[in-house]
Amino acid sequence: MTHPSQRLNLAVAVLASVMTLYEVNQRQSGYGSASGKVANYTPYVPLPINWSLIEQTEPVDTCRMEHKAEYDGAVVQSGTDHKLNTAAECCEACRNHPQCNVWVWCGRLSDCAPGRTFRECWLKQSTFRETMLSEGFPEEIVGWTSGALFQGTVRERMAEEDRRRLLALAQDENLPLVYLDVGLNNLFLGRVYVTLFKGQSPLAAENFRQLCTGEAGVVLLGSKEFLGNLYHLRAARFYRIVDRFIAQAGIDTDSVYGGAFKDDIDGLLLTHNRTGLLSMANRGPDSNTAQFGILLRPAPHLDGSFVIFGEVVAGIEALYIINGLARGQIDNTVDASAGAIILDSGEVDRSTVNLTRLVRSPLMMKLNPEGV
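All residue numbers refer to positions counted from 1 along the written sequence of the respective chain. Only residues with pLDDT of at least 70 are given local features in this predicted model, and only at 80 or more are side-chain atom pairs given and counted; all residues enter the totals for whole chains, interfaces and linings. The side-chain figures draw on all heavy atoms in the structure; neither hydrogens nor water molecules are used.

1. Some points on the pairing of strand β13 (residues 308-314)
Two faces belong to every sheet, and in a regular strand the side chains alternate between them.
Right, on to step 1. Only protein chains enter the accessibility calculation, which uses a 1.4 Å probe; a residue is then buried when its area is under 20% of its type maximum, exposed when over 50%, and partly exposed in between. A helix here means a DSSP run of H or I that spans at least four residues, while a strand means a run of E at least two residues long, and both kinds are numbered starting from the N terminus. When you tally the buried positions in β13, you get seven out of seven residues, the bulk of the element.
Right, on to step 2. Direction of pairing for strand β11 (residues 277-280) relative to β13: antiparallel, over a ladder of three bridges. Looking across to β13, one finds that L277 is bridged to E311. Strands were regarded as paired on the criterion that DSSP finds at least two bridges between them.

Below, the structure is given as structure tokens:
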């Protein structure tokens, strides 16, 4: 069993190696061409990354500890007057508190936050799902050490239920299945599979399907500034990535219907409650075109304003990698200049892929590049 800090160091090392390859390729070729096709696109797979399951048999009294991370939760005991010498002592205090399952301990000699001082131990209560989504995103600037107390069987059961849900979505012949080949410049990182919710969001789902296949051709109607542009996500940039929030991409066209299209009412009623959901970007009600976002964690503040039209069912690993581009940047955000791109896209023939092998739950995937 590896310590969280060891997994972090390994993850950073792999991302650094990917970025090195990216920088080499960036010097050798441009981002793309005026035709909208990616220049010198080579379907190159970088050094193998082993995305493995987190340990599934931990007893409830095991301290899951992660340095340089602050887990959220409802405070059940303030740390202002609760100072302990070590993170292990803070974990033990959480174990002995009837309402605590998450804790944070300030391990920095200087303040961990304004007014939060060395050795403060805060005890919290949170849901298992929210804690799992918080794991694996440490930041150098964070002085807290965090941990959670949950039985390994709970982790295993929830992740397996989520995997089965995603597999059912992926195998549903009534729902379109599309793919996005995600890369850094011309470096292929992975194929992301997306099931489209054509029942709840027929307009947005069909718009996205055609943007993936390119079957709509070129812009002939709508805004004059887009005339002649391709209705195809090939070579589309991720123009905004916010660490642990969202990856947004799209193309400079109107929708495949010509101009903007109206919100799907049922899609607008869906909630942004999990990693991997796709929703439309817009400039207000009924202004959907060819930009979208993929959630990297739940975002309830988006509910009711953006139509949800699909969900990643496999390959979210590539999105986790480009998410790392934003970590530590100003506002933990990068724009198109970071180089994240959709190298190609299309619709999937289900008979050609082994979805049972491909589909995995984001709840159980952490970067574990041992053997690389």
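After that view of the structure, there is still more to cover.
2. Here we look at helix α2 (residues 87-95)
Right, on to step 1. Looking at α2, one finds that the buried residues are A87, C90, C91, A93 and C94. Looking down the long axis of α2, one finds its buried residues gathered within 160° of arc, a one-sided arrangement.
Right, on to step 2. In this description, contact between two residues means that some pair of their heavy atoms is separated by no more than 4.5 Å. Buried residues along α2 sit in contact with β2 (64-67), β4 (102-106), β5 (121-125) and β6 (144-148). Think of the arc as the fan of directions from the helix axis to the C-beta atoms.

3. Notes on empty space enclosed by the protein
Right, on to step 1. The method works on a 1 Å grid over the protein atoms by themselves. A cavity is a set of points holding a 1.4 Å probe that cannot get out, a pocket is an open set with protein on both sides within 12 Å along at least five of seven lines, and residues with an atom within 4 Å of a point line them. Grid points are joined across faces, edges and corners, and a volume is the space filled by probe spheres set on the points. Tallied over the full model, the rule gives two cavities of 30 Å³ or more.
Right, on to step 2. Taken as a whole, the largest cavity spans an internal volume of roughly 50 Å³.
Right, on to step 3. Forming the walls of the largest cavity are ten residues, and the residues nearest its centre are R129, D162, R274, T275 and P362.
Right, on to step 4. Where the lining of the largest cavity is concerned, the elements lending two or more residues are α3 (128-134) and α4 (152-171).
Right, on to step 5. Looking at the lining of the largest cavity, the element that brings in the most residues is α4, giving three residues.
Right, on to step 6. Lys, Arg, Asp and Glu make up the charged group, whereas Ala, Val, Leu, Ile, Met, Phe, Trp, Tyr, Cys and Pro make up the nonpolar group; the residues left over, Gly among them, are polar. Counted by class, the lining of the largest cavity contains four nonpolar, one polar and five charged residues.
Right, on to step 7. Its boundaries defined by the atoms lining it, the second largest cavity holds a volume of some 40 Å³.
Right, on to step 8. Lining the second largest cavity are eleven residues, with V313, A314, G315, I316 and R360 positioned closest to its centre.
Right, on to step 9. Counting residues per element, the lining of the second largest cavity draws most heavily on β13, at three residues.
Right, on to step 10. Per-class residue counts for the lining of the second largest cavity are eight nonpolar, one polar and two charged.

4. Thoughts on the pattern of salt bridges
Right, on to step 1. Here, a salt bridge means any Lys or Arg side-chain nitrogen found within 4 Å of an Asp or Glu carboxyl oxygen. Scanning all chains against the criterion turns up 14 salt bridges.
Right, on to step 2. With a closest N to O distance of 2.9 Å, E215 and R209 form a salt bridge.
Right, on to step 3. Residue E215 is classed as partly exposed on the basis of its relative accessible area, which comes to 47%.
Right, on to step 4. Exposure remark for R209: the relative accessible area of 13% places this residue in the buried category.
Right, on to step 5. As a salt-bridge pair, R274 and E311 come within 2.9 Å of each other at their nearest N and O atoms. In this pair, R274 is assigned in the loop between α6 (265-269) and β11 and E311 in strand β13, connecting sequence segments 37 residues apart. As far as the burial class goes, R274 and E311 line up, both buried.
Right, on to step 6. When salt bridges that share partners are traced, they join D162, R165, R274 and E311 into one network.

5. Describing the state of the cysteines
Right, on to step 1. Put simply, a disulfide is two cysteine sulfurs that come within 2.5 Å. Inspection of the entire model under this criterion finds three disulfides.
Right, on to step 2. Disulfide pairing places C90 opposite C121 at an S-S distance of 2.0 Å. Note on the C90 and C121 pair: the S-S dihedral is about 85°, so by sign convention the disulfide is right-handed. Taken together, the positions of C90 in helix α2 and C121 in strand β5 put the pair 31 residues apart, joining distant regions of the chain.
Right, on to step 3. With relative accessibility at 0%, the residue C90 sits in the buried group.
Right, on to step 4. Each sulfur in the disulfide pair C94 and C100 lies 2.1 Å from the other. Taking the sign of the S-S torsion, -100° for the link of C94 and C100, the bridge is left-handed.
Right, on to step 5. C94 sits in the buried class, given a relative accessible area of 1%.
Right, on to step 6. Owing to a relative accessible area of 9%, C100 belongs among the buried residues under this scheme.

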